[in-house]
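Listed below, chain by chain, are the residues.
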Amino acid sequence: MENNMENNMQNPTRLHATMIEVTEFSEEVYEIVQRLLAQYTHNRSQFMKYTICTIINSPSAHLFFLYPETEDGKEDKSQVWGMATVNICQTCSSPRAWVDDFVVDERFRRHGLAHIMMDQILKFAHYLGVPNVMLTSNPSRTAGNAFCKAFGFNDFETNVYQYPLKWGNQGI
């Protein structure tokens, strides 16, 4: 099936999938996150197990996996096709949802899965009463930026600054 999908880039088959929130840590969860993040970024925490446990146990951070749906509409947990982290940020001006770690497994791209993921994230944020969903995308990620615009995200005119802490990412 994977070879057929890779060779079908001109007329991709629409896949059916559903996102499920990860609520328990396991070595399998750790391996899935490592595999998917390796396709997205080289900047991964050296304390990834701790980070995943913190996200799972946080009331404001949510880790989702994208699973294929079987013909009877149930999720097939033998594969994970994508992942996203959604952080709910409470501020005095307005709560926001920040989407991060949004990645579809490269073997399953161009089959509508990013649309399924974002649609379900927006429904989740709406359910929580969040009026805005934010995300950042590096300008070099041409496909990611095109997806955001095609999906209906607007450019948000602001500057983003980063202050690198010398002791950052060293654990507690």
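This text goes with the structure placed above it.
Residues numbered from 1 in each chain as written. Predicted model: local features only at pLDDT ≥ 70, side-chain atom pairs only at ≥ 80, totals over all residues. Heavy atoms only, no water.

Asks: Just to check I follow, could you spell out the side chain of His62 for this structure?
Replies: Its place among the elements puts His62 in strand β2 (residues 61-68). In this structure the side chain of His62 is engaged in a polar contact, spanning 2.7 Å, whose partner is the side chain of Glu21. When residues no more than four places from it in sequence are discounted, the contact partners of His62 are Glu21, Ile55, Ala84, Thr85, Val86, Ile88 and Phe124. (Helix = DSSP H or I, 4+ residues; strand = E, 2+ residues; numbered from the N terminus. Polar contact = N/O pair within 3.5 Å; in protein donor to acceptor, adjacent residues only side chain to side chain. Contact = heavy atoms within 4.5 Å.)

Asks: Mind showing me how you'd approach unusual backbone geometry here?
Replies: Trans peptide bonds make up the majority, and among non-glycine residues the majority have a negative phi. Despite not being glycine, Asp101 has its phi angle at roughly 50°, a positive value. Examined against the element boundaries, Asp101 turns out to sit in strand β4 (residues 96-104). Non-glycine residue Arg110 carries a positive phi angle of around 70°. Tracing the backbone through its elements, the reader meets Arg110 in the loop between β4 and α4 (113-127). Since its relative accessible area comes to 52%, Arg110 is described here as exposed. (Buried < 20%, exposed > 50% of the residue type's maximum accessible area, 1.4 Å probe, protein only.)

Asks: Teacher, can you tell me more about the packing of helix α2 (residues 27-38) against helix α3 (residues 48-57) here?
Replies: Closest axis-to-axis distance for the α2/α3 pair is 10 Å, and the angle between their directions is 105°. The angle between the axes of α2 and α3 places the two elements in the roughly perpendicular class. Every residue of α3 that contacts α2 at Glu27, Val29, Tyr30, Val33, Gln34 and Leu37 is listed here: Met48, Lys49 and Ile52. Of the residues in the contact of α2 with α3, the class split is six nonpolar, one polar and two charged. (Axes fitted to C-alpha atoms, helices over the stretch in contact; angles between N-to-C directions. Parallel < 35°, antiparallel > 145°, perpendicular 65-115°, else oblique. Nonpolar A, V, L, I, M, F, W, Y, C, P; charged D, E, K, R; others polar.)

Asks: Before we go on, may I ask you to explain the packing of aromatic side chains in this structure?
Replies: In this description, a pair of aromatic rings is defined by centroid distance and the angle of the planes. According to the stated counting rule, one finds six aromatic pairs in the structure shown. The rings of Phe102, Phe147, Phe151 and Phe153 are connected pair by pair, giving a single aromatic cluster. One cation-aromatic arrangement involves Lys49 over Tyr30; the distance from NZ or CZ to the ring centre is 5.0 Å. (Phe/Tyr/Trp six-rings, centres within 6.5 Å; stacked < 30°, edge-to-face > 60°. Lys NZ or Arg CZ within 6 Å of the ring centre and 35° of its normal.)

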